[in-house]
Amino acid sequence: MNTILDEYKNFSPIAKWKILLLKYGVKFEPLDLFNKVSNIDAYKVKWRVVQPKANGYQVYDISQDKTVIPSEIIISDGNTKSVVKLRYNEKSPITIILNENKICMKIDDKKVDINIELVKKADILKEKIPYEVVKKDVCIGDYIDIVGVDRVSILFFEGCFNWLAGKPCKFCDLHPKKNDDNTVKPTLNNLVKYNFNVKKWWNDSKEEYLKGLEYSLNKIIKENKLNHIHIFFMAGNMPTNKDVWDIAEETIKYLSKTIELQKFDNYLNIAPHDTLDRIKRIKQMGIKQIQYNLEVVSEENFNNTCPGKMKYNDFMNKLQEATKVYGKGNVRSNFVLGLDSMKETIEFANKIAKNGIVFDYSVFQPKKCTPYSNKVAPDFEEVVKFSEELVKIYKKYNFKPIFCSLSSRSSIVNEIMMQYSN
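Here is a short report on the structure shown in this document. Being a predicted model, the structure only gives us computed values, none of them experimental. (Residues numbered from 1 in each chain as written. Predicted model: local features only at pLDDT ≥ 70, side-chain atom pairs only at ≥ 80, totals over all residues. Heavy atoms only, no water.)

### A look at the pattern of salt bridges
Phase 1 of the analysis: Taken as a whole and judged by the stated rule, the model has 31 salt bridges.
Phase 2 of the analysis: Between Asp123 and Lys126 there is a salt bridge whose closest N-O contact spans 3.6 Å.
Phase 3 of the analysis: With a relative accessible area of 52%, Asp123 lands in the exposed category.
Phase 4 of the analysis: Residue Glu249 is joined to Arg281 by a salt bridge in which the shortest nitrogen-to-oxygen separation is 2.5 Å. Here the residue Glu249 occupies a position in helix H4 (residues 241-256), and Arg281 occupies one in helix H5 (residues 276-284), the gap between them amounting to 32 residues.
Phase 5 of the analysis: You can call Glu249 buried: its relative accessible area is 11%. (Salt bridge = Lys/Arg side-chain N within 4 Å of Asp/Glu carboxyl O. Buried < 20%, exposed > 50% of the residue type's maximum accessible area, 1.4 Å probe, protein only. Helix = DSSP H or I, 4+ residues; strand = E, 2+ residues; numbered from the N terminus.)

### Observations regarding the sheet that holds strand S18 (residues 357-363)
Phase 1 of the analysis: With respect to topology, 7 strands assemble into an open sheet ordered S12-S13-S14-S15-S16-S17-S18, the strand pairing being mixed. Of all the strands in the sheet, just strand S12 (145-147) and S18 have a single pairing partner and so form its edges. Each adjacent strand pair in this sheet contributes to an overall mean axis angle of 30°, direction not counted.
Phase 2 of the analysis: Looking at chain direction, strand S14 (residues 230-234) and strand S15 (residues 265-269) are connected through 5 bridges and run parallel. From the neighbouring strand, Phe233 faces S15, where its bridge partner is Leu268.
Phase 3 of the analysis: Here helix H8 (residues 342-354) sits on the sheet in contact with strand S17 (331-337) and S18, set at roughly 150° to S18.
Phase 4 of the analysis: Sitting on the sheet, helix H9 (residues 380-397) touches S17 and S18, and the angle it makes with S18 is about 160°. (Pairing = 2+ DSSP bridges. Axes fitted to C-alpha atoms, helices over the stretch in contact; angles between N-to-C directions. Contact = heavy atoms within 4.5 Å.)

As structure tokens, then:
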């Protein structure tokens, strides 16, 4: 009788297990396994259950569940490593256990022969920021996150206005804070207190935030012990695209005065520009690639899935406009793979590639407490075939996958590119 161990035999062990973990998710034995690990705070974990609730133009996680699970793990076969984003699935055939204090996976009662590591929080994130920089008891990790091993993520502010306005993307669970007491970043939950005056809200927050952010990024760069880092700037949506670009441009300009951003692999993931002059200026500041996430392929599906975003045709035009400034291969768009048919999706990936736009993806996984919680995850045989076709497109147009295997958690393009190049 075939089991999931027999699946994807033609792939390297790392690619195979990344596919399987994304496909099935995992369960834990016992359920609160990682709550009982004494030093779990040293590792990257997340709440097993998230329940975002919008009320009065504020969004908080109201879940009372206190079970934590690893947010990501590193799998390796002794030679190659890859990071994988974990998803809890009570019906998964894959179980994570502790065996003599070592993390293991099993299927039925058979142990899986693959090395698994929790991803440790970088020590530098715990480092305190001097009081003369920020007059609060804060650390570098309050301003910057490290995703996987080497993706330095910078969030301009907490939250997304589409959630506040009751028009979130239907697959998104946002992962809001349980409260705002533990954030030093500007938070959109406070925007209502300013009668939605974005400029006043930002001006009241920015001085301390920018100082702390600049110090933190400089410190990470100077003490970087990795072979490389990816710097990933991100922003949720705001009442207007001008609002979010005002903040992004001011922040990047502030950082670029002391940091040569062009030395690093970097990206700006943001709502489409309001004017072309914006992206001309941030390109001069050292931003190498920009990313506008359309999320779904077809116009009808886009209108239904992402009601808070700009009109589909306007979005497509903005992507095309951006290539005039950044050139082909430097403008990206991420898609939630599985929300459109694979045939339509690969045709669309080919279409935008001809126009110089790079198709990225994250595999759709149904998330509880979202409108799409009952949708089915895509058939992973199709995901694999799609990824192989996408790699062919990348090779044809000389595109590169986003990030690398140690920081791209929900895609297998890096692993397949690596396999094809061996």
